Amino acid sequence: MHYITPDLCDAYPERVQVVEPMFSNFGGRDSFGGQIVTLKCFEDNSLVREQSEQDGKGKVLVVDGGGSLRRALLGDLLAEKAAKNGWEGMVIYGCVRDVDVLAQTDLGVQALASHPLKTDKRGLGDLNVVVSFGGVTFRPGEYVYADNNGIIVSPSPLKMPD
């Protein structure tokens, strides 16, 4: 499905929250959306790996990496795994790496920046907790939509207007 966030904002102004403009598109899909699954982790992508291996059909992984610009929470191998398992995309409040491969992967990826250093693997983090960044609160089970215009959150699914 192709989403256009300005059209969704125009059609549902009372139902959407708009994330502050700090993210860039790194994935092979320039538009994506789905039900929110959240992770909270800091410079440790162990749970990103675990979730990438799960069935992600219709879902978007929202990763609160604390805004760290010191390590990459997603790289080519995990992105390819997530794409194979049907994930629609990932919103990462942190960094990614292997950006040339990410751009060729059938996965939406929005992140703050790129960084070549991988994370430590300590198994730390929290799954499906409420997270907040960019002026918006992301709740598991709600919906997120992203494109090159920005990222929006809605408590319920949105349909593209005709």
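Residues numbered from 1 in each chain as written. Predicted model: local features only at pLDDT ≥ 70, side-chain atom pairs only at ≥ 80, totals over all residues. Heavy atoms only, no water.

Peer 1: So what exactly am I meant to see when it comes to unusual backbone geometry here?
Peer 2: Across the chain, the bulk of peptide bonds are trans and the bulk of non-glycine residues have phi less than zero. Backbone geometry places Asp98, a non-glycine residue, at a positive phi of 55°. Along the chain, Asp98 turns up in the loop between strand 6 (89–96) and helix 4 (99–102). Even without being glycine, Asn128 reaches a positive phi, approximately 55°. One can find Asn128 in the loop between strand 8 (126–127) and strand 9 (131–133). Given a relative accessible area of 41%, Asn128 falls into the partly exposed group. (Helix = DSSP H or I, 4+ residues; strand = E, 2+ residues; numbered from the N terminus. Buried < 20%, exposed > 50% of the residue type's maximum accessible area, 1.4 Å probe, protein only.)

Peer 1: Mind showing me how you'd approach the side chain of Asp147 here?
Peer 2: Turning to its location among the elements, Asp147 is positioned in strand 11 (residues 143–147). As a buried residue without a salt bridge, Asp147 has its nearest oppositely charged side chain in Arg29, at a separation of 14 Å. Of note is the side chain of Asp147, whose polar atom sits 2.7 Å from the side chain of Thr5. (Lys, Arg positive; Asp, Glu negative; His and termini not counted. Salt bridge = Lys/Arg side-chain N within 4 Å of Asp/Glu carboxyl O. Polar contact = N/O pair within 3.5 Å; in protein donor to acceptor, adjacent residues only side chain to side chain.)

Peer 1: Help me understand the pattern of salt bridges in this model?
Peer 2: Where charged atoms from two side chains of opposite charge approach closely, those side chains can pair. One pass over the full model with this rule turns up eight salt bridges. Taking the shortest distance from any N to any O, the salt bridge between Glu53 and Lys81 comes out at 3.4 Å. Placement of the pair is Glu53 in the loop between helix 2 (46–52) and strand 4 (59–64) and Lys81 in helix 3 (residues 76–84), with a sequence separation of 28 residues. One salt bridge connects Arg97 with Asp98, and the closest N-O pair in it is separated by 3.8 Å. Residue Arg97 is classed as partly exposed on the basis of its relative accessible area of 25%. Relative accessible area serves as the criterion here: at 31%, Asp98 is assigned to the partly exposed category.

Peer 1: Please explain the packing of aromatic side chains as it appears in this structure.
Peer 2: Working definition: an aromatic ring pair is given by the centre-to-centre distance plus the angle between the planes. Enumeration over the complete set of coordinates arrives at five aromatic pairs. Judged by centre distance (4.6 Å) and plane angle (5°), the ring pair of Tyr93 and Phe133 falls under stacked. Residue Tyr93 is located in strand 6, and its partner Phe133 is located in strand 9; the two are separated by 40 residues in the primary sequence. Each member of the pair Tyr93 and Phe133 is classed as buried. (Phe/Tyr/Trp six-rings, centres within 6.5 Å; stacked < 30°, edge-to-face > 60°.)

Peer 1: Looking at this structure, I do not really get the environment of Ala72. What am I missing?
Peer 2: When you line up the elements, Ala72 lands in strand 5 (residues 72–74). Spatially, the C-alpha atoms of Ala72 and Arg97 are 5.8 Å apart, while their sequence positions differ by 25 residues. Not counting the four nearest positions on each side in its chain, Ala72 is found in contact with Asn45, Cys95, Val96, Arg97, His115, Leu117, Lys118 and Thr119. (Contact = heavy atoms within 4.5 Å.)

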